[in-house]
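Now for the letters of each chain:
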Amino acid sequence: VVTWGSHRCGGDSSFVSDQLRGVQQVEATAGAFAAIRKDGSVVTWGAADFGGDSSEVQDQLKNVRQIQGSLQAFAAVLENGSVVTWGSHRYGGDSSKVQPELLLV
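For every chain, the first residue of its written sequence is number 1, and the numbers climb from 1 along that sequence. Under the rules for a predicted model, residues below a pLDDT of 70 receive no local features and side-chain atom pairs below 80 are neither given nor counted, while totals for whole chains, interfaces and linings still include all residues. As a rule here, side-chain values cover all heavy atoms of the structure and leave hydrogens and water aside.

(A) Fine view of unusual backbone geometry. With a phi angle near 55°, Asn 63 is a residue other than glycine that sits in the positive phi range. Each residue is assigned to one of three classes by its accessible area relative to the maximum for its type, calculated with a 1.4 Å probe on protein chains only: buried under 20%, partly exposed between the two thresholds, exposed over 50%. Asn 63 sits in the partly exposed class, given a relative accessible area of 48%.

Dropping the structure here:
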């Protein structure tokens, strides 16, 4: 994966470049990127409040099938049909109140 543009918005991926091998999909918000690797793991970079920091949910981001970005958040669909979200709570990054409904997606 090669990135360019504003370093504040994900244009600089140098600190995760060693993890950007075997990438199957890249998705973006307005200020961050998320990549699904062949092993189903996810790498994120860019502005933390736009989803560039997935550390709070990283242990859940295994066997990821698909990622979708909104303006400032990401949603990942796992192989088991569950959904994991992160990023700005205002833009969908916190799905805890509806988590029981996000099964078998």
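(B) Structural detail: the environment of Arg 37. By the criteria applied, helices consist of DSSP H or I runs no shorter than four residues and strands consist of E runs no shorter than two, each listed in order from the N terminus. Looking at where Arg 37 falls in the secondary structure, it is placed in strand S2 (residues 32-37). In this structure Arg 37 comes out as partly exposed when scored by relative accessible area, which is 23%. By the convention used here, residues are in contact when the closest approach between their heavy atoms is within 4.5 Å. Once residues lying within four places of it in the same chain are set aside, the contact partners of Arg 37 are Gln 19, Arg 21, Gly 22, Val 23, Gln 24 and Val 43.

(C) Spotlight on the nonpolar core. Formed by 13 residues in total, the largest nonpolar core has its most connected members in Val 42, Leu 61, Val 64, Ile 67 and Trp 86. Val 16, Leu 20, Ala 35 and Trp 45 belong to the second largest nonpolar core, which has five residues in total. By convention a nonpolar core is built from buried Ala, Val, Leu, Ile, Met, Phe, Trp, Tyr and Cys residues, the set being connected through side-chain atoms within 4.5 Å.

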